[in-house]
Amino acid sequence: MADQDKPSGKMWGGRFSEATAASVEAFSASIQYDARLYHHDIMGSKAHARMLARQQLITEEECEAIINGLTAIEEDIDQGRFEFKSELEDIHMNIEKALTDRIGPAGAKLHTARSRNDQVNLDFRLYLRDQVAEMDTLLASAQSAFVRLARKYLGAIMPGYTHLQRAQPVLVSHHLLAYYEMFKRDRERLQASLQHINVLPLGSAALAGTGLPIDREFVARELGFPAVSANSMDTSGDRDFALEFLFCLNLIHMHLSRLAEELVLWSSKEFDFVRIGDRYCTGSSIMPQKKNPDIPELIRGKSGRVTGALVSLLMTVKGLPLTYNRDLQEDKEPVFDALDTVKASVSIVAELLDNTEFNVERLLDATHGGFMTATDIADYLVCKNMPFRQAHGVVGRIVAHCQQQDMELTELTLAELQEFSQDIEEDIFKVLSVEGSVNSRTSLGGTAIERVTEALQKAEQTLGIK
Ligand code: ARG
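Small disclaimer: the values here were computed from a predicted structure and weren't measured.

## Quick word on helix 5 (residues 91-103)
Moving on, step 1. In a regular helix each residue adds 1.5 Å, so 13 residues correspond to 18 Å; helix 5 covers 18 Å between its end C-alpha atoms and thus fits that length.
Moving on, step 2. Regarding helix 5, the residues found buried are Ile91, His92, Met93, Asn94, Ile95, Glu96, Ala98 and Leu99.
Moving on, step 3. Buried residues in helix 5 make contact with helix 2 (31-34), helix 3 (38-54), helix 4 (60-78), helix 6 (105-108) and helix 7 (116-152).
Moving on, step 4. At the N-terminal end of helix 5, a side-chain oxygen is found 3.3 Å from the backbone nitrogen of His92, two or three residues along, and the residue is Asp90.
Moving on, step 5. With its phi angle positive at about 80 degrees, Gly104 sits one or two positions after the end of helix 5.

As structure tokens, this is what we get:
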């Protein structure tokens with residue numbers, strides 16, 4: 001019986017005696033969002049068809065007809081000529097139906113030894129594999145933007161903070177390169193996620209495997225998967241790879257959000273550390289004077305939905321008995337939304353950085369209040385053989401004295417300093433300047449200009465800049 005002659009009109013409709021309710025079709029369709037998997041669905045089907053022919057489950061002619069038919073369908077979709085139908089539920093059945101309409105009975109053989117359960121799992125993996133590569137490129141561009149700024153402002157000094165209190169002076173470039181490192185880890189994490197994405201699920205069929213003589217290793221080679229999944233039941237309901245990918249997206253966006261928070265603070269009058277270009281700010285509809293950092297605010301704001309996506313998928317999977325359950329169709333929307341959001345945020349951050357200027361005088365000025373070289377005096381005393389705890393106490397008293405007198409550390413005379421410790425000598429004044437402080441921090445990974453210059457050169461080399 002042809003599909004159209006079945007009362008349900010469905011490919012799976014043989015055992016049904018009534019047509020599906022329109023409300024059920026509308027409620028269960030996923031084609032509105034899974035259509036974006038078409039390229040990968042077709043890629044997977046072509047590999048499957050080649051395997052079926054090799055295993056003599058279909059003839060070479062049928063295989064050729066299937067492959068040519070799928071190529072034509074892909075072109076139709078590419079060109080916007082394909083009509084997706086929600087009564088066909090999802091991308092898999094939309095394509096299969098179009099294929100059968102186009103090439104006849106050979107099309108109906110494509111689903112041999114395959115279930116939509118392993119098919120959708122395959123499509124998702126193929127799609128995410130490509131997305132890892134795209135994300136990597138975007139992250140590299142964002143890193144380059146940080147590195148360009150770090151090069152431009154090399155030598156400029158700003159306050160470094162802990163608890164959002166001024167702590168120790170640092171190079172602006174050191175601060176910027178901290179983000180370079182975060183995105184470096186993000187890129188590594190994405191690459192690592194490929195280990196679990198790049199496993200062939202196809203051949204698990206619905207849940208138990210198949211009795212037909214398929215060759216999963218062949219399909220894996222065709223699709224460039226280094227591994228074949230080991231347990232068909234695990235595979236059928238496995239979305240760990242998507243969760244891991246979502247977690248990677250979450251860390252990326254969390255890093256962007258921290259940067260966004262800094263840009264919002266730094267562009268306030270209170271800080272006045274940066275100026276974001278007019279093209280990247282917006283105004284107020286009532287307050288004519290306003291120039292608002294909406295882009296970083298939106299980036300910060302979008303973190304909620306990216307986190308929500310991860311939590312959503314974890315919740316979807318957590319209560320599912322093995323193996324496939326239709327709940328799993330809820331896997332794609334959160335992943336797609338998080339992906340679109342993170343890609344948009346990463347792209348705009350790169351532009352935003354290219355249009356951000358640091359207020360170098362103001363940054364340096366901000367290092368002068370807040371006794372930021374106090375640790376340097378303690379370290380100086382340590383070099384004079386004083387135990388660090390004792391030195392900490394001495395400098396604490398010096399700071400308290402300055403606070404009472406409303407003075408900066410640099411304003412103290414040698415005689416005044418010596419009242420707190422006889423170990424203090426003329427050379428203390430080298431230590432008290434912010435430049436001296438910054439450049440004394442030569443430990444690996446520290447903020448001294450030599451260390452930061454090395455880090456910057458290494459980053460430029462890695463990114464192929466200059
Ligand atoms: N659209 C479904 C999904 O995304 C495909 C698998 C459907 N399988 C099934 N047995 N109904 O999960």
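## Observations regarding the layout of surface pockets
Moving on, step 1. Each pocket or cavity is described by its volume, and for the largest pocket that value is around 500 Å³.
Moving on, step 2. Of all elements in the fold, only strand 1 (157-162), strand 2 (165-171), helix 8 (172-197) and helix 11 (240-266) reach the threshold of two or more residues within the lining of the largest pocket.
Moving on, step 3. Top contributing element to the lining of the largest pocket by residue count: helix 11, with 5 residues.
Moving on, step 4. Here the residues of the lining of the largest pocket are counted per class, giving 11 nonpolar, 4 polar and 3 charged.

## Looking at the packing of aromatic side chains
Moving on, step 1. Going through the model one piece at a time under the given rule, you end up with 12 aromatic pairs.
Moving on, step 2. Ring plane angle 45 degrees and centroid distance 6.3 Å describe the contact between Trp266 and Phe273, whose orientation is recorded as tilted. Phe273 matches Trp266 in its accessibility class, with the two residues each being buried.
Moving on, step 3. A connected cluster of aromatic rings, assembled from ring pairs, spans Tyr153, Tyr161, Trp266, Phe271, Phe273 and Phe358.
Moving on, step 4. The aromatic ring of Phe336 is capped on one face by Arg36, whose charged end is 4.2 Å from the ring centroid.
Moving on, step 5. When the ring centre of Phe225 is taken as origin, the NZ or CZ atom of Arg129, which lies over that ring, is 4.8 Å away.

## Some thoughts on the site of the ligand
Moving on, step 1. Surrounding the ligand, one finds Ser30, Asp90, His92, Arg116, Asn117, Val120, Tyr324, Gln329 and Lys332.
Moving on, step 2. Side-chain polar atom of Gln329 to a nitrogen atom of the ligand: 2.9 Å apart, as the coordinates give it.
Moving on, step 3. Between the ligand and Lys332, the relevant distance is 2.6 Å, taken from an oxygen atom to a side-chain nitrogen or oxygen of the residue.
Moving on, step 4. Across the complex, the protein chains shield 86% of the 340 Å² of accessible surface that the ligand would expose by itself.
Moving on, step 5. Counting residues per element, the shell around the ligand draws most heavily on helix 7, which supplies 3 residues.

## Describing the side chain of Glu62
Moving on, step 1. The residue Glu62 is located in helix 4 in this model.
Moving on, step 2. Non-local contacts of Glu62, meaning those with residues more than four positions away in its chain, are made with Ala106 and Lys109.

## Looking at the pairing of strand 2
Moving on, step 1. Sheet topology note: the strand 1/strand 2 ladder contains 6 bridges and is antiparallel. Residue pairing for strand 2: Pro159 is matched across the bridge by Pro169.
Moving on, step 2. Counting the residues between successive antiparallel strands, the hairpin from strand 1 to strand 2 contains 2 residues, one of them, His163, with a positive phi of roughly 55 degrees.

Definitions and cut-offs
Residues numbered from 1 in each chain as written. Predicted model: local features only at pLDDT ≥ 70, side-chain atom pairs only at ≥ 80, totals over all residues. Heavy atoms only, no water. Helix = DSSP H or I, 4+ residues; strand = E, 2+ residues; numbered from the N terminus. Expected span 1.5 Å × (residues − 1). Buried < 20%, exposed > 50% of the residue type's maximum accessible area, 1.4 Å probe, protein only. Contact = heavy atoms within 4.5 Å. Polar contact = N/O pair within 3.5 Å; in protein donor to acceptor, adjacent residues only side chain to side chain. 1 Å grid on protein atoms, 1.4 Å probe; cavity = no way out; pocket = protein on both sides within 12 Å on 5 of 7 lines; lining within 4 Å. Points joined across faces, edges and corners; volume = space filled by probe spheres on them. Nonpolar A, V, L, I, M, F, W, Y, C, P; charged D, E, K, R; others polar. Phe/Tyr/Trp six-rings, centres within 6.5 Å; stacked < 30°, edge-to-face > 60°. Lys NZ or Arg CZ within 6 Å of the ring centre and 35° of its normal. Near = heavy atom within 4 Å. Areas by Shrake-Rupley, 256 points an atom, 1.4 Å probe, with all protein chains shown as cover. Pairing = 2+ DSSP bridges.

Geometric descriptors of this kind do not, in isolation, establish any biological role.
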